[in-house]
Structure formats: structure tokens, C-alpha cells
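What the coordinates show
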Amino acid sequence: VDHQTFSTIERIAPRLPAYFQPDGTVKLSAAWLIDQCGWKGRRVGRAAVHDRHALILVNLGGAAGNEVMDLAGQIQNSIWNRFGIRLEMEPILL
């Protein structure tokens, strides 16, 4: 994110892990954002967020691909609603 966006978010989340980049942008921890929104370990139907790592979405058995992608979308929306950040997916589909 740009520095202005980071400053805004930092006011509502002062413990947000941040990594300042040489180009003036700031990398944020997606795992921390997801955890702060209460997603770690949360189950939605047959898909869930791993209980030990917020960046891992799991199929609990029988979930269709769209169920896992719907869960990802719900997570993205909650991050947007709380922090004003649009998470981008970097999926590794197994």
C-alpha cells in the first residue's frame, strides 16, 4: 500500500506488522489482517481457513472449487470493510 493508506490503517490497527519498501510503499501482513478479522480456524460449509495459518484455505471434504473461492471472497470483503484494503490472491491450487 502507499504510505498514506498505511498511516490511515495504522491509526485503527497500531500493531499492524509493516515492511517499508525502498520505493516508499509498505507491505502488510495478509495473515495478520485475516486473523484480525476472525477468519483463522473459521469454517464456512465444507471449506475453512486453516486453524494455524490464516493464508491457507482448506477443503474439509467434498467442497467444490467455487465454495473455496467463495470463502476467499468473503475474506477479501471483510478485510476491505474493516481496513479498506483489497487483498489480491496469489493462489497455489493443489
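Worth saying up front: this structure is predicted, and the values here are computed from it rather than measured. (Residues numbered from 1 in each chain as written. Predicted model: local features only at pLDDT ≥ 70, side-chain atom pairs only at ≥ 80, totals over all residues. Heavy atoms only, no water.)

1. A look at the overall build of the protein chain
- Scanning the protein chain for helices and strands turns up 3 helices and 5 strands.
- Listing each helix as α and each strand as β along the protein chain from the N terminus yields α-β-β-α-β-β-β-α.
- A principal-axis box enclosing the C-alpha atoms of the protein chain has dimensions of 45 × 25 × 20 Å.
- Counting only residues that meet the buried cut, the protein chain has 29% of its 94 residues in that class.
- In the protein chain, once contacts between residues fewer than 6 apart in sequence are set aside, the share between residues at least 24 apart is 29%.
- Working note: accessible area of the protein chain is about 6,300 Å², and carbon and sulfur atoms make up 51% of it.
- One way to put it: in the protein chain the 10 positive side-chain charges average out to a point 8 Å from where the 9 negative ones average out. (Helix = DSSP H or I, 4+ residues; strand = E, 2+ residues; numbered from the N terminus. Buried < 20%, exposed > 50% of the residue type's maximum accessible area, 1.4 Å probe, protein only. Contact = heavy atoms within 4.5 Å. Areas by Shrake-Rupley, 256 points an atom, 1.4 Å probe, with all protein chains shown as cover. Lys, Arg positive; Asp, Glu negative; His and termini not counted. Charge placed at Lys NZ, Arg CZ, Asp CG, Glu CD.)

2. Re the packing of aromatic side chains
- All chains considered together, the criterion is met by 2 aromatic pairs.
- For the ring pair Phe-6 and Phe-20, a centre distance of 5.3 Å and an interplane angle of 85° mean the geometry is edge-to-face. Highlighted residues: Phe-6 in helix 1 (residues 3-12) and Phe-20 in strand 1 (residues 18-20), separated in sequence by 14 residues.
- Exposure remark for Phe-6: the relative accessible area of 4% places this residue in the buried category.
- Consider the rings of Trp-32 and Phe-83, whose centres lie 6.3 Å apart with planes at 45°: the pair is tilted. With Trp-32 in helix 2 (residues 30-36) and Phe-83 in helix 3 (residues 65-83), this pair connects stretches of sequence that are 51 residues apart. There is no split in this pair, since Trp-32 and Phe-83 are both buried.
- Cation over ring: Arg-42 sits above Trp-39, and NZ or CZ is 3.9 Å from the ring centre.
- The ring centre of Trp-80 lies 4.5 Å from the NZ or CZ of Arg-86, which sits over that ring. (Phe/Tyr/Trp six-rings, centres within 6.5 Å; stacked < 30°, edge-to-face > 60°. Lys NZ or Arg CZ within 6 Å of the ring centre and 35° of its normal.)

3. Re the confidence of the model for the protein chain
- The share of residues in the protein chain with pLDDT of 70 or more is 96%, and the mean pLDDT across the chain is 92.
- Mean pLDDT in the protein chain bottoms out at helix 1, which sits at 91, and peaks at strand 4 (residues 47-49), which reaches 97. (pLDDT = per-residue confidence, 0-100.)

4. Regarding the nonpolar core
- Formed by 22 residues in total, the largest nonpolar core has its most connected members in Leu-16, Leu-33, Ile-79 and Phe-83.
- Here this core takes 5 residues from helix 3, the largest share from any one element.
- If near-sequence neighbours (up to four positions away) are discounted, Leu-16 is found in contact with Phe-6, Ile-9, Leu-28, Trp-32 and Leu-33. (Core = buried A, V, L, I, M, F, W, Y, C linked by side-chain atoms within 4.5 Å.)

5. A word on the side chain of Ser-29
- Mapped onto the elements of the fold, Ser-29 is located in the loop between strand 2 (26-28) and helix 2.
- Take Ser-29: its relative accessible area is 18%, and that puts it in the buried class.
- Within polar-contact distance, the side chain of Ser-29 engages the backbone nitrogen of Trp-32 at 3.1 Å. (Polar contact = N/O pair within 3.5 Å; in protein donor to acceptor, adjacent residues only side chain to side chain.)

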